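# Per-entry structural report
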Amino acid sequence: MGSRTRFKESVRFALGFRLAALGLAIPRSPAWPAGALLGTVVLATAAWGQAASSGGQKLEQTFLHASAMRGCTQEDAPALEIYLTRSPFAGTGDPSPPYIHIEISSSPQETIAPITLTLIQMRRDPTKPGRVARAELVEAERSRVWLSGTLTLIEAAPGRKVSGHYDVTTPAGKRLESGFSADYSTRSAVCG
Amino acid sequence: MRDLRTVSAAAALIMMGATAASAAPQCYTSYGGTKPNKLYLYFPPASDPGYPEFGTSIGLPPTSPAHAFNIADLTSYTGSAADLRNGIYDAVADTYCEFNVQVIQTTTAPPATFPNRNTVAVTTDNATALGLFGLAQNVDTGDPTAVDFAYVWGATYQGQYGGAGGALNGANSTLERWARALGGTAAHEGGHNYGLGHPDGLPLAAGEDPLVHHIMATGSHYSGEDRAGYRRHFSDHEYSVLASNVGLSVQTVWNWDFVNPNAETATKVQMDILSTQASLAVSGSYNGNESPWVNPTVGASLGTQAFKGVTYNRFQVTWSTGHAWDGHVPGGPGPSPGVSGQVAGGASFHVGTGFSGVDYNLPNPIIITNVTLFDASNTALALHPRNVAFDSGALDAADGVFKVQAFNVAGPPLRLDLVRVQLLPRLLTIDAMVAGSKRMLDVRNLPFSPFGAAKSVVARPQTLEKDQAVAIPIARLSDKRQVVQRITADDCARDDRLKGRDTTNCKPGITVSLFPATTTYLTATVTDPSAKYWDAKAKKYVTGPLTSHAFLQFVGRHPDLNKNGVDDYIDILTQKSKDANRDGIPDEVQRKR
């Protein structure tokens, strides 16, 4: 078994284990009627690692929907964009807050191999070249914060699936951690 | 045409290298052409290996060498390269017109002459396969980076929209449409380098025009027609952030409705002005049909004068260039025949101008002390229009209230009847600063909405005796700012100038819109209850109430009572300063009082 497969399987195992612990299953197909939503939407979120912490529903546990599509990074590099939302998001415009928006620079037809990316803030560090990965928590239209932490992509194939896991922290120190899975829309995007 | 932006081909020669811009808009808010932030539109005539690389590091096509700007790459474009360069320049210069940003067109690499340089290489490079029109070096939140770069892949427009039926093909392939498309991308990438991100393109104020008319939303929001068919502009939110980051180049805009109280016809009006500045510049003037004059001039300092314990430089602003007009202001005395350059005895008239070069670290930056009318022989007429002088506001560190002072400088008792204030997200055109204006219009004559309704800030008429002043409260330091953006320590730690540290001014924490707003619009009615004036209908001098109106707009500022170089609002939000009584004044400043 190659390292890529081992990585993928280990993350799938971990994701499945933790979802199972929460009484959820990893969906293998879109939960929404085909064509109802552009590119998207499956499930996928479940918190782990903090399920036993304070009572009440965690913010990330409310992001039950995931959408993946082509888009742009903040500096206009072509990108895979992932939206984690409370309600289904059709991919047009921007979803209703709260939501998590993830951007990962990549070319339109690129399949991204399994990888864990460190999220960067708005400003890039020229001494650290490589793929741009950012995530922001949008709690209200004018309340947006860029997150630090990591993003793990298990798969990211245009026209197929995007799945993975995020482990992020807000500037105020609040930690959000969950998995996601979505259809990856190949609808074209332009940047700049 | 009442648009204040004038086109002056003669004045538009901007000599950078071998390039001269023609037919460029000469923004009325220009600091006389010395805006400190330079936005270079660099059209390389050939491949330039000296241009910085910031694309390949994230898997994009290289930005170095910068591809040439070669219209042969734009196969559906049929005009000349020079026309397209100038058209792009026009679009970008117009977009940044009111801001403290001078747009410069060049075909040679920009020199290091100016410390604040934002260079956008406008090329005919092609990244159609990526759907990539432009790339900024960074989103420079708060704009701490003095030197930054961006890149435009112009031929991506050919690839995306130049084909049959495309937004830039056939009859759609006009100079104007190509210029809007490429200019829009250049303005967008320049905006990133001034600290605007894609999220700044999303908020829309009530009644604001559609998002696709604006600059900064992510590219997929805009269709080819959105890009080519409309000259996009900054939204209210984008405008507020940009104004906070780079400033507005006009600082006060004044309009007045006066009455000529004399029987004689006036052919010139002159205002005596006090300013702490060594020199003053007129930044555009009211040229509408309520004024007999246009294009006022301001001379050199006439010496100094003490006022309220402060020594000011004296200036005179003069209106004498004739202009066809209506002969009166709506609702005012008149009409007179409306002869160009003349105001008949007893008739009302309107004049207005903007000023730049005002230092807002000092209170009372401009005080208008007297208004004098002259006849055709250049003799001062005996009776003067009534005027209450306003400064453009100062913070009272005792109570955290931002107050504008009104002064009766040199006349008989005057009554302030009605003073109203509106906080605005963008600069209100001077042409809309008139009594009968129904809508808020910006300098492009685009409507916009103020932040809330106008509020009356003087509860009851107040009489000002000679030399008396009254403080008019406008806003409180504790008032919430319209825009609040967070900058992280990581954002400031980067060495992203490509060569050397360039973030020394970066302040981790929060950046906020100007206080009390991007601009503040104040209107006042001033009455001399016992004025002697010429009653044109009765054809005799009478004594009774004579009313003038003042319309004042001034730009916001970043309050810094603790003088640490950071807006006090940020100090308090980030808990660098305490504010126990929540009045918006850092406690360390209050303790010193």
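What you are looking at is a predicted structure, and each value in this text was computed from that prediction instead of being measured. (Residues numbered from 1 in each chain as written. Chains lettered and ligands numbered in written order. Predicted model: local features only at pLDDT ≥ 70, side-chain atom pairs only at ≥ 80, totals over all residues.)

### Structural notes on the interface of chain A and chain B
In many analyses, interface size is given as the accessible surface area lost on bringing the parts together. Facing the 33 residues of chain A at the interface are 35 residues of chain B. Elements represented by at least two residues in the side of chain A that touches chain B include exactly strand E2 (65–72) and strand E7 (143–146) of chain A. Examining the composition of the side of chain A that touches chain B, we find that 3 residues originate from one element, E7(A), more than from any other. Here the residues of the side of chain A that touches chain B are counted per class, giving 14 nonpolar, 9 polar and 10 charged. (Contact = placed C-beta atoms within 7 Å. Helix = DSSP H or I, 4+ residues; strand = E, 2+ residues; numbered from the N terminus. Nonpolar A, V, L, I, M, F, W, Y, C, P; charged D, E, K, R; others polar.)

### Thoughts on helix H3 (residues 175–193) of chain B
All names here are of chain B. Given a rise of 1.5 Å per residue, 19 residues ought to cover 27 Å, and the 27 Å separating the end C-alpha atoms of H3 matches this to within 8%. Here H3 lies mainly inside the structure; 17 of its 19 residues are buried. Glycine 195 lies just past H3 and shows a positive phi near 100 degrees. (Expected span 1.5 Å × (residues − 1). Buried ≥ 20, exposed ≤ 12 C-beta atoms within 10 Å, placed from the backbone.)

### Some words on the sheet that holds strand E4 (residues 101–106) of chain B
Two orientations exist for strands paired in a sheet by backbone hydrogen bonds: parallel and antiparallel. Residues and elements named next belong to chain B. Strand order in this open sheet of 5 strands is E4-E3-E5-E7-E6, and the pairing throughout is mixed. If you trace the sheet from one side to the other, it starts and ends with E4 and strand E6 (134–136), each paired once. Taken over all neighbouring pairs, the strand axes of this sheet differ in orientation by 15 degrees on average, direction set aside. Judged from the 7 bridges that link them, strand E5 (residues 117–123) and strand E7 (residues 147–153) form a sheet pairing that is parallel. The residue bridging arginine 117 from the neighbouring strand is valine 147, located in E7. Across the sheet, helix H1 (residues 81–95) is in contact with strand E3 (37–42), E4 and E5; its angle to E4 comes to roughly 175 degrees. (Pairing = 2+ DSSP bridges. Axes fitted to C-alpha atoms, helices over the stretch in contact; angles between N-to-C directions.)

### Details of unusual backbone geometry
Between Pro97(A) and the following residue, Pro98(A), the backbone shows a cis peptide bond with an omega angle of 5 degrees. With respect to the helices, strands and loops of the structure, Pro98(A) is situated in the loop between strand E3 (78–85) and strand E4 (99–105). Even without a glycine there, the phi angle at Asp76(A) is positive, about 90 degrees. With respect to the secondary-structure elements, Asp76(A) resides in the loop between E2 and E3. When the 27 C-beta atoms within 10 Å are taken as the criterion, Asp76(A) is described as buried. Here Asn378(B), not a glycine, exhibits a phi torsion of approximately 65 degrees, which is positive. By the secondary structure assignment, Asn378(B) is in the loop between strand E17 (366–374) and strand E18 (389–390). Take Asn378(B): there are 9 C-beta atoms within 10 Å of it, and that puts it in the exposed class.

### Section: the sheet that holds strand E5 (residues 115–118) of chain A
All names here are of chain A. Ordered by their spatial adjacency, 4 strands build an open sheet running E5-E8-E9-E10, and the pairing between neighbours is antiparallel. Unpaired on one side and paired on the other, E5 and strand E10 (175–183) mark the two borders of the sheet. Each strand axis lies, on average, 15 degrees off the axis of its neighbour in the sheet, ignoring direction. Across 8 bridges, the pairing between strand E8 (residues 148–156) and strand E9 (residues 161–169) is antiparallel. Bridge pairing in E9 places glycine 149 opposite valine 168.

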